[in-house]
Structures are given as structure tokens and as C-alpha cells.
Amino acid sequence: MFLMEEDIAFAVEALKKGDIILYPTDTVWGIGCDATNASAVSKVYALKQRADTKAMIVLVPEEQWILNYVAEPKPKVADYIKGITKPTTVIYESAKNLAQNLIAADGTIAIRICKANFAQQLMKAFGKPIVSTSANISGLPTPLCFKDISLDIIDGVDYVVRSEQEDTLLKQPSAIVKWEKDQLIVIRP
């Protein structure tokens, strides 16, 4: 039997080498890489056949990590995050310390605090945020569980996490919100 600790160790090794991984998150399975490595981020865009002008999400394991990657996080956003239960990605202004090809042209970055056990342990072991984008080719339907992920994606990553592959619970993408002029804008409910 493959242990989660071994899976995390292999995934961390792949991330350190600039490789891309396929892993479970608090929402759908994600294609991920080191969010500070522009070359790795480029590999994810290439695998997804996605224009690098279309932003991807960055996962962090806990709220205080956001301070390392956003120049001036607004207190209202922190208060909002504390009150939600659904996985929610927040678009922040003034991204910093991340791969330039992850940051939108307007300087924003989409970040989600991921509360899933595997992903949290992975990020803490790696010590950096991880890119998370749905495990599909751009324009195709988002797979809602591992068995729905295409072989093009599975064969295209450098490491496939073994943990949670048998989970057949159908998951949904996160909500996406943004604060503009002290007003919450829901981009994806």
C-alpha cells in the first residue's frame, strides 16, 4: 500500500525539480507546480494548451502565507475568508514573489487557502505555494473526479499523486471573488 507520506515526498521532489504534478485539492483535481518557478508555470500552460494571458490559481495552506505573495492584502478580505465554508478563490491586487507568468497583466493574482489534508501537507512540506488549475485541456469539461481525467493530462504531467484516486465523490471548482472599491464582486459563485 502506498502511504500518503511517501506520495508527498515524491510530489515535493518533483516540485523542487520544476516538474508538474497531478494532485487532489479541496475542489477538483489540479495540475500543479511551484508557483514561484516561471519555467514550471510555462509547462502547465503548455499541457493545458492555454494562453498564458489566462490566469491560474495559486494555493496556500494557511492565511498568513498570503502576506508573502500579496503586497497589501485588505483586512476586509481576511474577514470575509474567515466567514466562508465553501472553497473560495480570492483575486488579490499587487501580487509579489510569484512567477511573473502567473501574475495577471493588471498585477492581480488568484489565491485560495486550500484546506484539503493532502494539499495542505504537500504545501507545508514544499514550503511554497502551488499552482492549481483544473486537470483538463483548456475548453474541455472540468473532470469532477480522478477517473474522469484524460490520459493526455495523466501522461503529460511528471508525477501523478496516488492518494485519493479512488475517491468518486464528484467535486466542483471553487467560487471566485474579487474586491473592488470595498465591494465584493462574485466572478464564479
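Counting restarts for each chain: residues are numbered from 1 in the order of the written sequence. Thresholds applied to this predicted model are a pLDDT of at least 70 for local features of residues and 80 or more for the giving and counting of side-chain atom pairs; totals over whole chains, interfaces and linings are not thresholded and use all residues. Hydrogens and water molecules were not included; the side-chain quantities draw on all heavy atoms of the structure.

### Topic: the overall build of the protein chain
Under the scheme used here, helices are H or I runs from DSSP no shorter than 4 residues and strands are E runs no shorter than 2 residues, and both carry numbers assigned from the N terminus. The helix and strand tally for the protein chain stands at six helices and nine strands. Here the C-alpha atoms of the protein chain give a radius of gyration of 15 Å, agreeing with the 16 Å that 2.2 N^0.38 yields for 189 residues. For the protein chain, the spread of C-alpha atoms along the principal axes amounts to about 50 × 30 × 30 Å. Three labels apply to residues, based on accessible area from a 1.4 Å probe with only protein chains included: buried if under 20% of the type maximum, exposed if over 50%, partly exposed otherwise in between. Every one of the 189 residues in the protein chain was classed for burial, and the buried ones make up 49%. We call two residues in contact when some of their heavy atoms are within 4.5 Å. Long-range contacts, defined as pairs at least 24 residues apart, comprise 69% of the intrachain contacts of the protein chain with a sequence gap of at least 6. Shrake-Rupley sampling with a 1.4 Å probe provides the accessible areas, and residues are treated as covered by the protein chains on show and by no other component. Accessible area for the protein chain stands at about 9,400 Å²; split by element, carbon and sulfur atoms hold 53% of it. Only four residue types enter the tally: Lys and Arg on the positive side, Asp and Glu on the negative side, with His and both chain ends excluded. For charged residues, the charge sits on one atom: NZ in Lys, CZ in Arg, CG in Asp, CD in Glu. Averaging the locations of the 21 positively and 23 negatively charged side chains of the protein chain gives two centres separated by 5 Å. In this treatment the radius of gyration is a C-alpha quantity, and the globule benchmark scales as 2.2 Å times the residue count to the 0.38 power.

### Section: the side chain of Asn136
Considering the arrangement of structural elements, one finds Asn136 in the loop between β6 (130-134) and α6 (151-156). With relative accessibility at 7%, the residue Asn136 sits in the buried group. In contact with Asn136, other than residues within four places in its own chain, are Ile31, Lys48, Pro141, Thr142, Pro143 and Ile153.

### Some words on the packing of aromatic side chains
Here is the rule: rings of Phe, Tyr and Trp (six-membered ring for Trp) pair when centre to centre is within 6.5 Å. Planes less than 30 degrees apart are stacked, more than 60 are edge-to-face, and the remainder are tilted. Per the counting criterion, the structure on display carries three aromatic pairs. Their ring planes at 35° and their centres at 6.1 Å tell us that Phe10 and Tyr159 sit as a pair that is tilted. One end of the pair, Phe10, is in helix α1 (residues 4-16); the other, Tyr159, is in strand β7 (residues 159-160), with 149 residues separating them in the sequence.

### Here we look at the pairing of strand β4 (residues 88-92)
In terms of residue burial, β4 counts as a mostly covered element, since five of its five residues are buried. As paired elements, β4 and strand β8 (residues 175-180) share four bridges and run parallel to each other. Within the sheet, the bridge partner assigned to Thr88 lies in β8 and is Ala175. A pair of strands counts as paired when DSSP detects no fewer than two bridges linking them. The pairing of β4 with strand β5 (residues 109-113) spans three bridges and is classified as antiparallel. Bridged to Ile91 within β5 is Ala110.

### Description of the sheet that holds strand β1 (residues 21-23)
Sheet strands line up and pair through hydrogen bonds in the backbone, either parallel or antiparallel. Read across the sheet, nine strands follow the order β7-β1-β2-β6-β3-β5-β4-β8-β9 without closing on themselves; strand pairing throughout is mixed. Of all the strands in the sheet, just β7 and β9 (183-188) have a single pairing partner and so form its edges. The sheet contact formed by strand β3 (residues 57-60) and β6 spans three bridges and is antiparallel. Residue Leu59 lies in a different strand from β6, and its bridge partner there is Ile130. Against the sheet, helix α4 (residues 75-82) engages β4, β5, β8 and β9, with an angle of about 175° to β4. Fitted lines through C-alpha atoms give the axes, limited to the stretch in contact for helices. The angle between two N-to-C directions lies from 0 to 180 degrees.

### A short note on the nonpolar core
In this structure, Leu22, Tyr23, Tyr92, Ile109, Ile111 and Leu122 are the most contacted members of the largest nonpolar core, which totals 61 residues. Not counting residues within four places of it along the chain, the set of residues in contact with Tyr23 comprises Trp29, Gly30, Ile31, Gly32, Leu59, Phe118, Ala119, Leu122, Ile130, Val131, Ser132 and Val161. Grouping buried Ala, Val, Leu, Ile, Met, Phe, Trp, Tyr and Cys residues that are joined through side-chain atoms within 4.5 Å yields what is termed a nonpolar core.

### Structural notes on the packing of α1 against helix α5 (residues 117-126)
Remark: α1 packs on α5, axes separated minimally by 9 Å, with the N-to-C direction vectors making an angle of 50°. In this view, α1 runs oblique relative to α5, as classed from their interaxial angle. Handedness of the crossing formed by α1 with α5: right-handed. Between α1 and α5, the contacting residues are Met4, Asp7, Ile8, Ala11, Val12, Leu15 and Lys16 on the first element and Asn117, Phe118, Gln121, Leu122, Ala125 and Phe126 on the second. Angle categories: roughly parallel below 35 degrees, roughly antiparallel above 145, roughly perpendicular from 65 to 115, and oblique for all the rest. Left-handed describes a crossing in which the near helix is turned anticlockwise from the far one by less than a right angle; the clockwise case is right-handed.

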